[in-house]
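Here's the letter readout for the chains.
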Amino acid sequence: MANFNINKANFCARMSCRKWNKIRLSRQFYRSRYRQIAQQYWESEKAQEKISEYQAFHAKCASIEENAIWNLIDTYPLPYSHPEFANWEEDDSEENYSLISDQSGCIVKYATSYVAWKIFETTGTWPQKTSKERLDAKRWVQFLAEAGYTTIVSVPSGNGYFVGIDPKKGEFGTVVWYEGTTLDHQIISTTYKNKTYTISKDGPADFIWVKIK
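The text that follows walks through the structure, step by step, so that each part is easy to find. (Residues numbered from 1 in each chain as written. Predicted model: local features only at pLDDT ≥ 70, side-chain atom pairs only at ≥ 80, totals over all residues. Heavy atoms only, no water.)

Comments concerning empty space enclosed by the protein
In total, this model carries two cavities of 30 Å³ or more according to the counting rule given. As a volume, the largest cavity reaches approximately 50 Å³. If you trace the largest cavity, you find it lined by A86, W88, E90, S98, L99, I100, I107, V108, K109 and K195. Of the residues in the lining of the largest cavity, the class split is six nonpolar, one polar and three charged. In this structure, the second largest cavity occupies an estimated 30 Å³ of space. Around the second largest cavity sit Y41, W42, A47, K50, I51, T75, P77 and W117, which together line it. Those elements giving two or more residues to the lining of the second largest cavity turn out to be α2 (24-42) and α3 (45-58). Tallying contributions element by element places α3 first for the lining of the second largest cavity, with three residues. (1 Å grid on protein atoms, 1.4 Å probe; cavity = no way out; pocket = protein on both sides within 12 Å on 5 of 7 lines; lining within 4 Å. Points joined across faces, edges and corners; volume = space filled by probe spheres on them. Nonpolar A, V, L, I, M, F, W, Y, C, P; charged D, E, K, R; others polar. Helix = DSSP H or I, 4+ residues; strand = E, 2+ residues; numbered from the N terminus.)

This is the structure in structure tokens:
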């Protein structure tokens, strides 16, 4: 997206937060604006080429060679993936709320937002919860069930699409996106950790696996 402007994206993001904007309808408008910027990016020719390249790699992921994992592509869209987007101090208090969420309501640059994007990328639909409960990563079995994904498997297989959930990781748990299986039966996954794209290799028993497609 040749005309991408991080300052414009950040202005809209700030104005979507109660910390800087006390008018609810105005906040809703600016939230729709930065989400529209993200949509314009992923619909761009450049982003679609990147997604197609990723999908071609994933089609061969049933048995990934060790050195091939570094060919994985981060398709998480701008502005969410931009290092300067929403790079201010985060506050989840009611009066000074300053967190920025994606189309699924997940906070950008976190594992849940990244994986929600991968689900959208794969299915064409952003996952949405139906309850009003707060569903952190450790509660994503429920989140995914509310979004319509209820099939749990012990081991992700082939070149399917799976979300891994580790409810015991840190305070809030974590979620990962299945990328493939190595020749020694280890699972390659991607996620966002410390607001950075991360590739990991783990045993299949380290996660609860939910089938997406």
